[in-house]
Amino acid sequence: MFNVVFVLGPPGSGKGTICSKIQENLGYVHLSAGDLLRAERERAGSQFGALIESHIKNGSIVPVEITCSLLENAMNLHKTANGFLVDGFPRNADNLSGWSKQMSGKVHEQFVLFLSCPVDICINRCLNRGEGRTDDNVDSLKKRVETYNNQTFPIIEHFGKLNMVRKVDSERPVEEVYEDVVKVFEAANQM
Ligand SMILES: Nc1ncnc2c1ncn2[C@@H]1O[C@H](COP(=O)(O)OP(=O)(O)OP(=O)(O)O)[C@@H](O)[C@H]1O
Ligand SMILES: Nc1ccn([C@H]2C[C@H](O)[C@@H](COP(=O)(O)O)O2)c(=O)n1
Ligand SMILES: [Mg+2]
């Protein structure tokens, strides 16, 4: 059974940054749904490249069958990991129901790490990220934030009702955010 921590928060809240540090220090493997989709978009022979790019540019969510298969394949490549940081997933109701259908019995969902940061700061971070992402522009960011507010935040609320959400304020400098995140992992792994 794979241990899974879902990592959610607005675009630019620092999910990738914090997951890299956890991966480095705590033995969890970082799987970013967005990174896996971008890699699939670039893969020669992929039948999903154009569909994925259109969702990424529009800030909408790729059908779960594609994303969940990419996640499961990646997990199967790291069978001895302490656990997986599933970054940017589940992003909407389709993601959540598809994951439950495909993964129940195969994973133990430990908790949801929610990185909370005001949207104006998140947008500035994305605009200054400098990675050349096709969705780090004002138009795509508006749509990504709308999708986050309307579709992803309700998923965080859903997990909140199950007492699974661990919220960390990620408006602060990375080292401060990370310090609190480590405490969350220590508490979870002592139980
Ligand atoms: N706590 C922080 N303070 C200042 N800048 C930060 C902080 N965390 C991350 N950043 C910077 O903000 C940008 C976005 O961070 P990151 O890619 O980790 O966010 P993300 O949540 O994964 O975004 P997305 O959802 O768009 O993939 C990066 O340039 C990163 O260096
Ligand atoms: N579960 C997911 C995760 C990501 N995507 C698509 C749509 C997002 O805007 C884009 C970038 O994701 P990020 O790197 O910002 O986490 O990827 C999706 O459709 N479904
Ligand atoms: Mg990211």
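Given the structure is predicted, the values throughout are model-derived calculations rather than measurements.

Cut-offs applied
- Each chain has its residues counted from 1, following the order in which its sequence is written.
- Think of it this way: whatever chain is written first is A, whatever ligand is written first is 1, and the rest follow in order.
- Reporting of local features is limited, given that this is a predicted model, to residues whose pLDDT is at least 70; pairs of side-chain atoms are given and counted only at 80 or more, and all residues count toward the totals for whole chains, interfaces and linings.
- The basis for every side-chain value is the complete set of non-hydrogen atoms in the structure, without hydrogens or water.
- Cavity means a closed set of points on a 1 Å grid over the protein atoms alone, one where a 1.4 Å probe fits but cannot get out, pocket means an open set with protein on both sides within 12 Å along at least 5 of 7 lines, and lining means a residue has an atom within 4 Å of a point.
- Grid points are joined across faces, edges and corners, and a volume is the space filled by probe spheres set on the points.
- Numbering of helices and strands runs from the N terminus; a helix is a DSSP stretch of H or I covering at least four residues, while a strand is a stretch of E covering at least two.
- Residue polarity follows a fixed list, in which Ala, Val, Leu, Ile, Met, Phe, Trp, Tyr, Cys and Pro are nonpolar, Asp, Glu, Lys and Arg are charged, and the others, Gly among them, are polar.
- Here a residue is considered near a molecule or strand provided that any single heavy atom belonging to it is located within 4 Å of it.
- N or O atoms closer than or at 3.5 Å make up a polar contact, with two conditions inside protein: a donor-capable atom paired with an acceptor-capable one, and, for residues adjacent in sequence, both atoms drawn from side chains.
- In this description, accessible areas are obtained by the Shrake-Rupley approach with a 1.4 Å probe, and a residue is regarded as covered only by the protein chains that are shown.
- Grid points define the cavity or pocket, and a molecule sits in it when more than half of its atoms lie within 2 Å of them.
- The pLDDT score gives, residue by residue, the confidence of the prediction method on a 0 to 100 scale.
- Note on ring pairs: Phe, Tyr and Trp rings are taken, using the six-membered ring of Trp, and paired if centres are within 6.5 Å. Classes follow the plane angle, with under 30 degrees stacked, over 60 edge-to-face and the rest tilted.
- Each residue's exposure class comes from its accessible area (1.4 Å probe, protein chains only) as a fraction of the maximum for that residue type: buried when under 20%, exposed when over 50%, partly exposed otherwise.
- Our definition puts a charge over a ring when NZ of Lys or CZ of Arg is within 6 Å of the ring centre and also within 35 degrees of the ring normal.
- Within this document, salt bridges are pairs made up of a side-chain nitrogen of Lys or Arg and a carboxyl oxygen of Asp or Glu, the two lying within 4 Å of each other.

Observations regarding the layout of surface pockets
And then number 1: Size it by volume and the largest pocket reaches roughly 930 Å³.
And then number 2: Among the secondary structure elements, those contributing two or more residues to the lining of the largest pocket are helix H1 (15–26), strand S2 (28–32), helix H2 (33–42), helix H3 (49–58), helix H6 (119–127), helix H7 (138–161) and helix H8 (174–190).
And then number 3: Per-element accounting of the lining of the largest pocket gives the leading share, five residues, to H2.
And then number 4: For the lining of the largest pocket, the per-class residue count stands at 14 nonpolar, 18 polar and twelve charged.

Let's talk about the site of ligand 1
And then number 1: Among the 16 residues in the neighbourhood of ligand 1, the closest are listed as Lys15, Thr17, Arg129, Arg144 and Arg172.
And then number 2: Note that an oxygen atom of ligand 1 is positioned 3.1 Å from one of the side-chain N or O atoms of arginine 133.
And then number 3: Arginine 144 is positioned such that a nitrogen or oxygen atom in its side chain is 2.7 Å from an oxygen atom of ligand 1.
And then number 4: In the complex, 76% of the free accessible area of ligand 1, which totals 630 Å², lies under the protein chains.
And then number 5: Assessed atom by atom at 2 Å from the grid points, ligand 1 resides in the largest pocket.
And then number 6: The element that contributes the greatest number of residues to the shell around ligand 1 is H1, accounting for three residues.
And then number 7: Split into classes, the residues belonging to the shell around ligand 1 amount to four nonpolar, six polar and six charged.

Comments concerning the confidence of the model for the protein chain
And then number 1: Put simply, the protein chain has an average pLDDT of 96, and 99% of its residues get 70 or more.
And then number 2: Both scores are available for the predicted complex, with the pTM at 0.98 and the ipTM at 0.99.

So, the packing of aromatic side chains
And then number 1: Tallied over the full model, the rule gives nine aromatic pairs.
And then number 2: An angle of 70 degrees between the planes, with centres 5.3 Å apart, marks the rings of phenylalanine 6 and tryptophan 99 as edge-to-face. Taken as a pair, phenylalanine 6 in strand S1 (residues 2–8) and tryptophan 99 in helix H5 (residues 93–103) lie far apart in primary sequence, 93 residues in all.
And then number 3: A relative accessible area of 1% means that tryptophan 99 is categorised as buried.
And then number 4: Counting every residue linked through ring pairs, the aromatic cluster contains Phe6, Phe89, Trp99 and Phe159.
And then number 5: Above the ring of tyrosine 178, the side-chain terminus of lysine 21 is found at 5.1 Å from the ring centroid.

Some details on the pattern of salt bridges
And then number 1: Across all of its chains, the model carries 13 salt bridges by this definition.
And then number 2: In this structure, arginine 43 and glutamate 40 form a salt bridge, with 3.0 Å as the shortest nitrogen-oxygen distance.
And then number 3: Glutamate 40 sits in the buried class, given a relative accessible area of 8%.
And then number 4: Between arginine 144 and aspartate 136 there is a salt bridge; the shortest N-O distance is 3.0 Å.
And then number 5: For aspartate 136, a relative accessible area of 14% puts it in the buried group.
And then number 6: Overlapping salt bridges bring together Arg129, Arg133, Asp135, Asp136 and Arg144 as one network.

Digging into the site of ligand 2
And then number 1: The local shell around ligand 2 holds 15 residues, among which Arg38, Val62, Gly88, Asn95 and Arg133 are the closest.
And then number 2: Arginine 38 has a polar side-chain atom sitting 2.9 Å from an oxygen atom of ligand 2.
And then number 3: Within the side chain of arginine 91, one N or O atom sits 3.1 Å away from an oxygen atom of ligand 2.
And then number 4: Structurally, ligand 2 is housed in the largest pocket.
And then number 5: Sorting elements by how many residues they give to the shell around ligand 2 places H2 first, with four residues.
And then number 6: For the shell around ligand 2, the class distribution of residues is six nonpolar, four polar and five charged.

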